[in-house]
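Understanding the architecture of this molecule
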Amino acid sequence: MKTLVIAEKPSVAQDIVRALTPVAGKFDKHDEHFENERYVVTSAVGHLVEIQAPEQYDVKRGKWSFAHLPVIPPHFELKPVDKTKTRLNAVVRQARRKDVGALINACDAGREGELIFRLIEQYAGGGKPLGKPVQRLWLQSMTPQAIRDGFDNLRTDAQMQGLHDAARSRSEADWLVGINGTRAMTAFNSRDGGFFLTTVGRVQTPTLAVVVEREEQIRRHVARDYWEIHATFLAEAGEYAGKWFDPAWKKDAGDADKRADRVWDAHTAQAIADAVRGKACSVTEESKPSTQASPLLFDLTSLQREANGKFGFSAKTTLALAQSLYERHKALTYPRTDSRWLPEDYLAVARKTFEMLATSGQRHLAPHAKKALDDGYVKPSKRIFDNSKVSDHFAIIPTLEAPGALSEAEQKLYDLVVRRFMAVFYPSAEYQVTTRITTASHEGQSYNFQSNGKVLVRPGWLAIYGKEADAEMEKKEGEQSKSLVPVKPGEMVRNEHVEPKALQTRPPARYSEATLLGAMEGAGKWIEDDELREAMQEKGLGTPATRAAIIEGLIGEKYMLREGRELIPTAKAFQLMTLLRGLQVEELSKPALTGDWEYKLAQMEKGQLSREAFMREIAAMTERIVLKAKEYDRDTVPGDYATLQTPCPNCGGVVQENYRRYACTGASGAGEGCGFSFTKTPAGRTFAVEEAEAFLSNHKIGPLEGFRSKAGWPFVAELALVRDEESGNYKLEFDFGDDAKAEQTGEIVDLSAEPSVGPCPKCGNPVKAFGKSYVCTRSVPSHEHPAPSCDFKSGQVILQQPVEPEQMAKLLNEGKTDLLDKFVSMRTRRPFKARLAWSPDEGKVVFEFEPREGGRKYPPRKTAAAPAKTASKSGAARAEGAGAAAKKAAKKAPTKKTAAKTEKTPRAGNLQPSPALAAVIGPGPFGRGEVMKKLWDYIKANNLQDPNDKRTILADDKLKPVFGADSVGMFKLAGLVGGHLS
């Protein structure tokens, strides 16, 4: 009988095979597994199976109501993860083999690894354990010897039961709280009709609460005036700056805005300036050495934060790039890790990695790797190698495999990881830090000014970052990264200039993805209970692998907007927090819920708490949440609500916000009002207060996106406030335009007085403006043609871009509009430029984008020839009704003729360098971009940038014939090189 080894990832399966081959014999490689006389080794690709409620508990979205809640199934069934069904079937086939008598769980050493294996085993057994003995391989290091040691010390199934129970319980508890909480809040918010999807979850809702709380702080902030007094002093050696401070100042716990260098009235600030102006001043200073070690190695969260701060990459983008560098290029280790250390037996691997980097084609990195090897930097250190700090996985580092061709974004991320990996072995940076106090006296009172200087003495690890070193320095408040002019002992200096600067306090900054990831990681710090805080110390909200998805999920559900690098909560987010507070189920928005779970799951892992007891508590909590929402019968939920400035259109009374509506409250603002109101959430989209104000003032708004039909489908529409004669009051209506009304009712339309803007591209009849669109006169019912025979229509506003009649005339007569620059993407909310063009092949109006300057940014894929001109990412700018969303169409494939022509174009460049240039970059031929890249690689590898002015390039013996001078400015390089290419 053979033993089946199931790893979590294919790369781990390969490592296991390599480690076992010397002791267990050669393995034969098959499509989905490895096999020898003793072992069969296969792998999952993460989660292959997920839990689900039995069919009778699965209520479809459109039918969510309190009648079906709470959903607490007696057991959970399993279903394959759709995108990995093929891999699951391959693993199950091996597990069910008759010659396989035992299983070894070689998934990652942790809760999730345990769950992945257990669900696969249960699925292979038809919903029950497979019935074959199971042992556990527990690895924290992937060196061959560590793997062999792990096989010599396999853990029993009984030893892992606690971890299995904790893993299963966490998964089922998340399902129960997420499903029931989401359905209960959705049912509560949909009582007035429509479908208002309101998702909640153990991780996503506390994360959202963090962002909402910060936005509330920003809104509550009242700017306060304060003054700083800045002065310039003249010493024998030159001038230096200083800032006044109060040496007797003490921190005020009740007022975070107070600082030692702030004055709170203009008169006092001016008096200080007047007192020291032109005075001779004494100087004292303290100068001491200081060191700064490099940051630790990257885990996923710190990598995402760094990439967001440096390059603006979203957490999702960084994870995708890291995953590509791990899976496709084999250039980085496993990225979904929460550890920033390496196993203690990884020193030899680290040394080999430096050897690879020293000889790789990464010329900008190779000299630093070589120096580390030559100077003996690669040595044991607890800052780097620590088994106690390694969890399921170790830190993200480069592998022994040098990467091939990387995209620009992949190269940036790879460089980020490699530099950090090398830096952590380098010595600390050494500084000389000077604190200087300049004191002026006036009428018996002393006035003190502080100056700070920081001089880099030995760069240490900062040498790896070159000109980026300043950004890497940890600058404390008030420090300058430059030296101060010297002052002799006892020397008196003179005040040259002094003035008060009027400033205002600022609210806290909004979260970016980098800072929100940090807040999620450190969420346990906010928990008051010591035991729960301890339980969350290493966990935070979510895991490194899920935090990006949590943020993207909140954006996708319209709880947050991403504007530039800021994350801004929407009105829907504030409404959810108001609801949770009002229903007294705030635990859903608190990190303490995760802390409580982590504490109890840790007890379960140790056998101190039963799975049954934990799940009973979760079921009870779920029932309470549903009951609170189901039984809440008040007209409104208590909260901090707005009063609109625009009066009631019906009676002139005060319009105030409550949980569900904006309603008239009479002239006093505290009465019944006249009955006028409109919902805050028409078709599931929540009005922001500013939008409600504009709607009430203008009696219309839009087009707006984000509405949902009763079945949950999104749509775009305008809203109007119209007089309803039957009720004698105003009401909110969706306004889809006269053209949409005509389509729905078949009402005859008279467009005879409307001028034509051009011929219909489908049938040649006139196209005219009608409602919110341009329509073919044959596409609407008219006296001449009661039955429409054409379907051409294009919006007068498309993705917020007005399409003027003259532009539509150009499109119809010439095939395309001018370049328009006010389109706003519905997906990213970012503006973009495009032309609108008629596509005969697709039969609709499409976007046509301008080609990039200098051609394509990246080379075309090898699988297809590049189209001769930029593909129009078409899709349709056709705006049905009130600016309906543009749908992306598939890119048109190039014709055979175009493809054949493209294939004849040489893939390499055809520029031949002169002998002088060839001596620097090689004989070619090259493309122009490749020439400049190779030239810069040479310049950086040989440190030819002037250390005092990085924009000046110094010529060595090889470059002098190319430059014709000893040095040139970097902006002249392209012109000089052009003269050496033919």
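Overview of the structure.

Reading the values: rules and limits
- Residues numbered from 1 in each chain as written.
- Predicted model: local features only at pLDDT ≥ 70, side-chain atom pairs only at ≥ 80, totals over all residues.
- Heavy atoms only, no water.
- Helix = DSSP H or I, 4+ residues; strand = E, 2+ residues; numbered from the N terminus.
- Buried < 20%, exposed > 50% of the residue type's maximum accessible area, 1.4 Å probe, protein only.
- Contact = heavy atoms within 4.5 Å.
- Areas by Shrake-Rupley, 256 points an atom, 1.4 Å probe, with all protein chains shown as cover.
- Pairing = 2+ DSSP bridges.
- Salt bridge = Lys/Arg side-chain N within 4 Å of Asp/Glu carboxyl O.
- Phe/Tyr/Trp six-rings, centres within 6.5 Å; stacked < 30°, edge-to-face > 60°.
- Lys NZ or Arg CZ within 6 Å of the ring centre and 35° of its normal.
- Axes fitted to C-alpha atoms, helices over the stretch in contact; angles between N-to-C directions.
- Disulfide = S-S within 2.5 Å.

Some points on the overall build of the chain
A count of helices and strands for the chain gives 27 helices and 35 strands. The proportion of buried residues among the 982 residues of the chain is 48%. The long-range fraction of contacts in the chain, counting pairs at least 24 apart against all pairs at least 6 apart in sequence, stands at 66%. Accessible surface computed for the chain: about 49000 Å², of which carbon and sulfur atoms make up 49%.

As for the sheet that holds strand β9 (residues 155-156)
One open sheet accounts for seven strands, arranged β2-β3-β4-β1-β7-β8-β9; its pairing is mixed. In the strand order of this sheet, the two ends are held by β2 (28-29) and β9, each with one partner. Note that strand β1 (residues 2-7) and strand β7 (residues 100-106) share six bridges and pair parallel. Bridged to Ala-7 within β7 is Ala-106.

Some remarks on the pairing of strand β13 (residues 429-442)
Here eleven bridges tie strand β12 (residues 280-292) to β13, and the two strands are oriented antiparallel to one another. Bridge assignment links Val-283 to a residue of β13, and that residue is Thr-438. With 13 bridges connecting them, β13 and strand β14 (residues 445-458) associate as antiparallel partners. When the sheet's bridge partners are listed, Gln-432 is paired in β14 with Val-455. The turn joining β13 and β14, which pair antiparallel and follow one another in sequence, is formed by two residues; a positive phi near 50° is taken by Glu-443.

Some points on helix α14 (residues 513-521)
Most of α14 sits out of view: seven of its nine residues are buried. Those residues of α14 that sit buried are Glu-513, Ala-514, Leu-516, Leu-517, Gly-518, Ala-519 and Met-520. Against the buried residues of α14 lie α6 (204-220), α8 (300-311), α9 (315-327), α16 (547-556), β16 (560-563) and β17 (566-569).

What to know about the pattern of salt bridges
Tallying each qualifying case throughout the model produces 51 salt bridges. Close ionic contact of Glu-32 with Arg-87 constitutes a salt bridge, the shortest N to O distance being 3.3 Å. With Glu-32 in the loop between β2 and β3 (34-35) and Arg-87 in helix α2 (residues 85-95), this pair connects stretches of sequence that are 55 residues apart. The salt bridge involving Arg-224 is made with Asp-257; its shortest N-O contact spans 3.5 Å. Separated by 33 residues along the polypeptide, Arg-224 in the loop between α6 and β10 (225-235) and Asp-257 in the loop between β11 (238-245) and α7 (266-276) bring together distant segments of the chain. Owing to a relative accessible area of 30%, Arg-224 belongs among the partly exposed residues under this scheme. A single salt-bridge network, built from bridges that share partners, covers Lys-2, Glu-35, Arg-97 and Asp-99.

Some details on the packing of aromatic side chains
Following the criterion strictly, the structure yields 28 aromatic pairs and no others. On the numbers, 5.9 Å between centres and 85° between planes, the contact of Trp-461 with Tyr-465 is edge-to-face. In this structure, Trp-461 and Tyr-465 share a single accessibility class: buried. Here the guanidinium or amino end of Lys-9 rests over the ring plane of Tyr-334, the centre of that ring lying 3.9 Å away. The residue whose ring lies beneath Arg-660 is Phe-188, and the NZ or CZ to ring-centre distance is 5.0 Å.

Comments concerning the environment of Pro-766
Mapped onto the secondary structure, Pro-766 falls in strand β25 (residues 766-770). C-alpha separation for the pair Pro-766 and Arg-778, spaced twelve residues apart in sequence, amounts to 8.3 Å. Contacts of Pro-766, omitting those with residues within four sequence positions, involve Ser-756, Gly-758, Val-775, Cys-776 and Thr-777.

Comments concerning the sheet that holds strand β27 (residues 793-795)
Reading across from one edge, β24-β25-β26-β27 is the order of the four strands in this open sheet, with antiparallel pairing throughout. The two strands at the open ends of the sheet, each matched to only one other strand, are β24 (756-759) and β27. Ignoring which end each strand starts from, the neighbouring axes of this sheet average 25° apart. Looking at chain direction, strand β26 (residues 773-776) and β27 are connected through three bridges and run antiparallel. Counted as the bridge partner of Val-775 is Lys-793 from β27. Where helix α22 (residues 805-814) meets the sheet, its contacts fall on β24, β25, β26 and β27, and the angle it forms with β24 comes to roughly 15°.

Focus on the state of the cysteines
Inspection of the entire model under this criterion finds zero disulfides. A disulfide-free cysteine, Cys-651 has its sulfur positioned 3.5 Å from the sulfur of Cys-664, the nearest such atom. Free of any disulfide, Cys-776 has its nearest neighbouring cysteine sulfur in Cys-763, separated by 3.4 Å. Note on Cys-776: relative accessible area 0%, which makes it buried.

Re the pairing of β24
Pairing geometry for β24 and β25, over three bridges, is antiparallel. Across the sheet, residue Pro-759 finds its bridge partner in β25, namely Pro-766. Here β24 hands over to β25 after six residues, with Gly-764 in that stretch at a positive phi of 85°.

Description of the side chain of Ser-302
With respect to the helices and strands, the residue Ser-302 is situated in helix α8. What makes Ser-302 buried here is its relative accessible area of 12%. Not counting chain neighbours up to four residues away, the residues in contact with Ser-302 comprise Leu-297 and Arg-340.

Brief notes about α2
What α2 keeps buried is the set Leu-88, Ala-90, Val-91, Val-92, Gln-94 and Ala-95. Lining the buried residues of α2 we find β1, β4 (39-43), β5 (49-52), β6 (77-80), β7 and α3 (111-124).

With respect to unusual backbone geometry
A cis amide bond links Leu-69 to the next residue, Pro-70, at an omega of -5°. Looking at the secondary structure, you find Pro-70 in the loop between β5 and β6. Unlike most non-glycine residues, Lys-330 shows phi in positive territory, near 55°. Within the secondary structure, Lys-330 is located in the loop between α9 and α10 (347-359).

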